Amino acid sequence: MSKLFSPLTIRGITLPNRIVVSPLCMYSGIDGLAQPFHFAHLSTFARGKAGLVFTEATAVNPEGRITPQCLGLWNDAQVRAFKPIVDFIRSMGVVAGIQLAHAGRKGSTAPPFFGAKPLPVDDPSAWSTVAPSAIPVGPGFPDPDALSTDDIHAIVQDFVAASRRAIESGFQVIELHGAHGYLMHSFLSPIANKRTDEYGGDLAGRMRFALDVCKSVREAVGNDMPLFFRISAVDGVEAGWSLDDSVALSNELAALGIDVVDCSSGGISGAPRFRVADDGKPLQGSSARTPGFQVPYAEKIKRTTDLKSMAVGVIIDPEQAESIISEGQADLVALGREIMYNPFWPLHAAQALNADPNFDLWPPQYKWAVDRREQIRKLNR
Ligand SMILES: Cc1cc2nc3c(=O)[nH]c(=O)nc-3n(C[C@H](O)[C@H](O)[C@H](O)COP(=O)(O)O)c2cc1C
């Protein structure tokens, strides 16, 4: 019996299997509104029968976007744009999730396919970025504005308002983006947070903003909605956020009603997160991109806290994914690039693991024909 294809109930929602489409920015929105492209993109994963499909990082206010083309959920038109996408995902028996985010000092940049550089300050679509402290993310980035406590409280309320709009749109799971150097992560990490008030200093101070967001969002969404929190489990730089810090944070998140910690890593320094090799040599340490390189973080959180965990990062083969779940290293596996390459990965994995010999997982519109295809293949072998 495949554990990868076993259901998982979290609060009021049951995921049909353990395969999750990781949040994937498409940089194709207009005024934060989802477009036909987003329908095509996300509906393909729903037909491919992942258990849970997350939207890309969706900004809680306009300055919270990474690029001018990122999606948002700060107005009702954005709710209306998401609705048909969510309805379709749910019609496939797949759970619809949204990742809510604020880009902080990594905002106001160009999409990766246009260079990923900060927009020139005189670009009409650029904006001033915000951060815990006025420290740029890296060379070439402008100085962000350090947030006042009133600004921080306002952003917490933006997360709350976006969460309410997520429910209105029909989303069944919310993930709060606390990773990759964006605003929540930049408050957590001593590399970016040099504040001396209650939102900085020691670990408790640096965690305060993220915990305020989680507490307020949980109160706003009620008890039935599963909440995920994405962490960068380690900064991967000296004197940065550590795995022990992630365990401490996770214990606090559990107390506030977060259900799943999604374990990514890196991104605080502004160095590209998707480098594969320098000078042709494989990268070492936390930058190494070997299969399952972040699974140990998910395993640590699962084994040392009361939370469920999600593993992500270079999960490629069905057998690898099956083993992560069946060995108890994580409760869920999230796929990014592999499922972009093959959006029907879950259906194909079910074949490879003999979890769906009769193509019952396939949408009925496909099942009868794919079944015949298999018979023809057998006859012609
Ligand atoms: C095109 C692309 C867009 C991404 N957008 C997001 C995002 O919106 N939010 C996020 O947390 N991670 C984002 N990521 C990171 C992925 O969710 C995932 O963690 C990462 O790609 C590692 O998984 P993989 O090896 O299966 O691709 C993105 C990655 C890619 C390749």
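First, a word on scope: everything that follows refers to the structure included in this document. (Residues numbered from 1 in each chain as written. Predicted model: local features only at pLDDT ≥ 70, side-chain atom pairs only at ≥ 80, totals over all residues. Heavy atoms only, no water.)

### What about the side chain of S309?
With respect to the helices and strands, the residue S309 is situated in strand β13 (residues 308-312). A polar contact of 2.8 Å, which involves the side chain of S309, links it to the backbone oxygen of A298. (Helix = DSSP H or I, 4+ residues; strand = E, 2+ residues; numbered from the N terminus. Polar contact = N/O pair within 3.5 Å; in protein donor to acceptor, adjacent residues only side chain to side chain.)

### Looking at the site of the ligand
As a matter of local geometry, the ligand sits amid 17 residues, with S22, P23, V314, G336 and R337 nearest to it. At 3.0 Å, a backbone N or O of A57 approaches an oxygen atom of the ligand. Measuring from an oxygen atom of the ligand, one finds a side-chain N or O atom of R230 at 2.9 Å. By residue class, the composition of the shell around the ligand is eight nonpolar, six polar and three charged. (Near = heavy atom within 4 Å. Nonpolar A, V, L, I, M, F, W, Y, C, P; charged D, E, K, R; others polar.)

### Points about the nonpolar core
Of all hydrophobic cores here, the largest spans 80 residues; its most connected members are L100, F159, I174, L176, F209, F229 and L249. At eight residues, helix α5 (residues 203-221) tops the list of elements feeding residues into this core. Residues contacting F229, with those up to four places away along its chain left out, are E175, L176, G178, M184, A210, C214, L249, L253, I258, V260, V261 and D262. L52, V95, F228 and M310 belong to the second largest nonpolar core, which has 15 residues in total. (Core = buried A, V, L, I, M, F, W, Y, C linked by side-chain atoms within 4.5 Å. Buried < 20%, exposed > 50% of the residue type's maximum accessible area, 1.4 Å probe, protein only. Contact = heavy atoms within 4.5 Å.)

### What to know about the state of the cysteines
Counted according to the given criterion, the structure contains zero disulfides. Between C25, a cysteine without a disulfide, and C70, which holds the nearest cysteine sulfur, the sulfur-to-sulfur distance is 4.7 Å. The thiol of C214 is not disulfide-bonded; the next cysteine sulfur, from C263, is found 14 Å away. (Disulfide = S-S within 2.5 Å.)

### As for the environment of F88
Secondary-structure assignment places F88 in helix α2 (residues 76-91). A relative accessible area of 22% means that F88 is categorised as partly exposed. Sequence separation between F88 and A46 is 42 residues; the distance between their C-alpha atoms is 7.9 Å. Setting aside residues up to four positions removed in sequence, F88 forms contacts with F39, S43, A46 and R47.

### Details of helix α3 (residues 149-169)
Compared with an ideal rise of 1.5 Å per residue, which puts 21 residues at 30 Å, α3 spans 30 Å between its outermost C-alpha atoms and is within 8% of the ideal. Of all the positions in α3, only I152, I155, V156, F159, V160, A162, S163, R165, A166 and S169 are classed as buried. Within two residues after α3, G170 carries a phi angle of roughly 100°, on the positive side. (Expected span 1.5 Å × (residues − 1).)

### Comments concerning the pattern of salt bridges
Considering all chains together, one arrives at 12 salt bridges under this definition. D76 is the partner of R165 in a salt bridge, and the nearest nitrogen-oxygen pair spans 3.0 Å. Taken together, the residues R165 in helix α3 and D76 in helix α2 connect sequence positions 89 residues apart. Judged by relative accessible area, D76 falls into the partly exposed class, the value being 40%. Across the pair D259 and R218 runs a salt bridge whose closest N-O atoms are separated by 3.1 Å. Here R218 lies in helix α5 and D259 lies in the loop between α6 (243-255) and β10 (260-264), a separation of 41 residues in the sequence. Its relative accessible area of 8% is what places R218 among the buried residues. Within the structure, one salt-bridge network assembled from shared partners comprises R11, R218 and D259. (Salt bridge = Lys/Arg side-chain N within 4 Å of Asp/Glu carboxyl O.)

### Some words on unusual backbone geometry
One non-glycine residue, A116, lies in positive phi territory at about 60°. Within the secondary structure layout, A116 lies in the loop between β5 (95-101) and β6 (130-131). Of note in the backbone geometry, N354 takes a positive phi value of approximately 55° without being a glycine. Looking at the element boundaries, N354 is found in the loop between α10 (345-352) and α11 (364-379). Assessed through its relative accessible area of 58%, N354 is described here as exposed.

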